[in-house]
Protein chains: 2
Amino acid sequence: MEKKKKAIILSSGGLDSTTAMAVAKNNGFQLYSLSFDYGQRHLLELKASERVAEAMDVVEHLVIKIDMKAIGGSALTDRFDVPKNSSLNKEEQQIPITYVPARNTIFLSFALAWAEVLEVEDIFIGVNAIDYSGYPDCRLEYIRAFEKMANLATKAGVEKKFEIKIQIPLINMTKADIIRLGIRLGVDYGLTHSCYDPSLDGKACGECDSCCLRKKGFEEAGLKDPVLCVR
Amino acid sequence: MEKKKKAIILSSGGLDSTTAMAVAKNNGFQLYSLSFDYGQRHLLELKASERVAEAMDVVEHLVIKIDMKAIGGSALTDRFDVPKNSSLNKEEQQIPITYVPARNTIFLSFALAWAEVLEVEDIFIGVNAIDYSGYPDCRLEYIRAFEKMANLATKAGVEKKFEIKIQIPLINMTKADIIRLGIRLGVDYGLTHSCYDPSLDGKACGECDSCCLRKKGFEEAGLKDPVLCVR
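Notes on the structure follow.

Moving on: the overall build of chain A. Scanning chain A from N- to C-terminus turns up seven helices and five strands. Mapped from its N terminus to its C terminus, chain A presents α and β elements in the order β-α-β-α-β-α-β-α-α-β-α-α. Burial statistics for chain A: of 231 residues in total, 52% are counted as buried. For chain A, the share of sequence-separated contacts (at least 6 apart) that also reach a separation of at least 24 residues comes to 72%.

Written as structure tokens, this is what we have:
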């Protein structure tokens, strides 16, 4: 029997990365999930990523601690207030203050390092450019530029043994599409966590950008979100 | 008087990054130095980077702790032996085991995050592609690919307010050229540390790849290295 190919999946424990992981699993990859303890204001994300890793039967779930607080500049790592019920997807929208500077670049760089060590070609990331938060590092052209750089950065690329591929199965999907796909692949969204500003007992606020996108997605898909909100 | 432009300099406390910093200073930049506590086997590098930061009168010296050990795969973070008196610069040379997977990509990604927060356009890195260790992430084409990606990754690039430039003043210089340049710019190389495998009391081994390159450089420049070796 042919040995299964390995893939690394960036996992935040949220809806998108969990669906991306389900796609990788469905494509027959052995899963290696990677999460970051980066000084985000709450650690519920990390607990969700552990639950997801277990449910998806990953070979290894690695959590890397990095100090993004030292750099600052985001509502997710600093003490700014997370904005509520802001108008997403407006034409003139600014990049929101929940944007963490260069976050996906840092996360993908660690994934790249791990890929070199494990000799993995495929790195999955759940970015999408439709129902998204307006972050620059979620766009296709950014991902393709990262991929090009990655193949010049590494032993892998130089020795031409293999080629790093940044897999972005959700890039052109709406949130509703993503949810429908996940449900079809058997994802239990009750394990995931998306809220930027949960209550002390871990309930989603229902009002931050991430909750609003998620709510809209479940509504459009005609499904009920198994994750409860505070209100 | 016009306000000085800021620059971020990746500093390892070694010969190359210290010379790159001296170039930035000489070009009139306000200096922000960035070092990493990444589980390297000794912390002498970090002490050297602090001494250099002080001598160069930087505005801020930031040390970010990251867990590269979790990823492994290098003699500099794992328990492999550091190779001694290996033949550098051979045609068929393999990438040495002191190579840390995706290290420059990870370091530059953090520099990019800090650049976004500080609104800095210029990031200096002391890579050079002549007397170097054969690491893939020290080549010009890699640096240019990173730069392109960086300008797609960030707020800065999207809002077109400014453009990230990865400054590589040493890229085409021999080690001897670098040392001559540094001396002309007033660098005290006695503050720097290059050895991969120092003795317990902090003396350079004189035999690892990094020591060999440094020794060759000082010899070719006809100068005496102020840093003493064990033998």
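Attention now goes to the relation of the copies chain B and chain A. Between chain B and chain A, the superposition needs a rotation of 180° and an axial shift of 0.0 Å, giving an RMSD of 0.0 Å. Between the two chains, the operation in question is that of a two-fold axis. Taking C-alpha positions as reference, the residue of chain B nearest the rotation axis is B:I66, located at 2.5 Å.

This part is about the interface of chain B and chain A. On the side of chain A, 36 residues touch chain B, which itself brings 36 residues to the contact. Secondary-structure elements contributing two or more residues to the side of chain B that touches chain A are strand 3 (60–65), helix 3 (103–118), helix 4 (140–153) and helix 5 (155–159) of chain B. Here the side of chain B that touches chain A takes nine residues from helix 3 of chain B, the largest share from any one element. In terms of residue class, the side of chain B that touches chain A is built from 23 nonpolar, six polar and seven charged.

Moving on, we come to helix 3 of chain B. Here helix 3 of chain B is 16 residues long and its end C-alpha atoms lie 23 Å apart, about the 22 Å a rise of 1.5 Å per residue gives. Remark: B:E119 follows helix 3 of chain B within two positions and exhibits a positive phi of approximately 55°.

Right, let's talk about the sheet that holds strand 5 (residues 165–167) of chain B for a bit. Residues and elements named next belong to chain B. In spatial order, the strands read 3-2-1-4-5; together these five strands make up an open sheet with parallel pairing. Looking at strand neighbours, the two that pair on one side only are strand 3 and strand 5, the edges of this open sheet. Ignoring strand direction, the axes of neighbouring strands in this sheet form an average angle of 25°. Inspection of the sheet shows strand 1 (residues 6–10) paired to strand 4 (residues 122–124) by three bridges, in the parallel sense. If you follow A7 over to strand 4, its bridge partner there is D122.

The next subject is the nonpolar core. In terms of nonpolar packing, the biggest core is built from 138 residues, with A:A111 and B:A111 touching the most fellow members. Look past the residues within four positions of A:A111 in its chain and what remains in contact with it is A:I8, A:L10, A:L34 and A:I123.

The backbone of A:A102 shows a phi angle near 55°, a positive value even though the residue is not glycine. Phi angles above zero are rare outside glycine, and B:E119 is one such case at about 55°. By the secondary structure assignment, B:E119 is in the loop between helix 3 and strand 4. We classify B:E119 as exposed; it has 11 C-beta atoms within 10 Å.

Take the packing of helix 6 (residues 175–184) of chain A against helix 7 (residues 209–221) of chain A next. Residue and element names in this part refer to chain A. One can describe the packing of helix 6 onto helix 7 by two numbers: an axis separation of 7 Å at closest approach and a directional angle of 65°. Classified by the angle between their axes, helix 6 and helix 7 sit roughly perpendicular to one another. Once helix 6 is placed against helix 7, the crossing between them reads as right-handed. The residues of helix 7 that touch helix 6, namely those facing K175, A176, I178, I179 and R180, are L213, R214, K216, G217, F218, E220 and A221. When grouped by side-chain class, the residues that make up the contact of helix 6 with helix 7 number six nonpolar, one polar and five charged.

Once that is clear, we can look at the pairing of strand 2 (residues 30–37) of chain B. All names here are of chain B. Buried residues dominate strand 2, accounting for six of its eight residues. Following the backbone out of strand 1, through helix 1 (residues 15–26) and into the adjacent parallel strand 2, one traces a crossover that is right-handed. Alignment of strand 2 against strand 3, held across six bridges, turns out to be parallel. In the sheet register, D37 faces strand 3, and the bridge partner there is K65.

The next subject is the packing of helix 1 of chain B against helix 6 (residues 175–184) of chain B. Angle between the axes and distance between the axes: these two values describe a pair of packed helices. All names here are of chain B. Helix 6 packs onto helix 1 with a crossing angle of 45° between their chain directions and a minimal axis gap of 9 Å. Classed by the angle they form, the pair helix 1 and helix 6 counts as oblique. Crossing angle aside, the handedness with which helix 1 passes helix 6 is left-handed. Taking contact as the criterion, the partners of L15, D16, T18, T19 and A22 in helix 1 are, on helix 6, I178, L181 and G182.

Residues and elements named next belong to chain B. Tracing the sequence through the fold places H61 in strand 3. Taking the C-alpha atoms as reference, H61 lies 9.3 Å from S11; in sequence the two are 50 residues apart. H61 has contacts with S33, E50 and A53, leaving out every residue within four places of it along the chain.

What counts, and at which threshold
- Residues numbered from 1 in each chain as written.
- Chains lettered and ligands numbered in written order.
- Predicted model: local features only at pLDDT ≥ 70, side-chain atom pairs only at ≥ 80, totals over all residues.
- Helix = DSSP H or I, 4+ residues; strand = E, 2+ residues; numbered from the N terminus.
- Buried ≥ 20, exposed ≤ 12 C-beta atoms within 10 Å, placed from the backbone.
- Contact = placed C-beta atoms within 7 Å.
- Least-squares fit on C-alpha atoms with pLDDT ≥ 70 in both.
- Nonpolar A, V, L, I, M, F, W, Y, C, P; charged D, E, K, R; others polar.
- Expected span 1.5 Å × (residues − 1).
- Pairing = 2+ DSSP bridges.
- Axes fitted to C-alpha atoms, helices over the stretch in contact; angles between N-to-C directions.
- Core = buried A, V, L, I, M, F, W, Y, C linked by C-beta atoms within 7 Å.
- Parallel < 35°, antiparallel > 145°, perpendicular 65-115°, else oblique.
- Left-handed = near helix turned anticlockwise from the far one by under 90°.
- Right-handed = clockwise from strand over helix to strand, strands pointing away.

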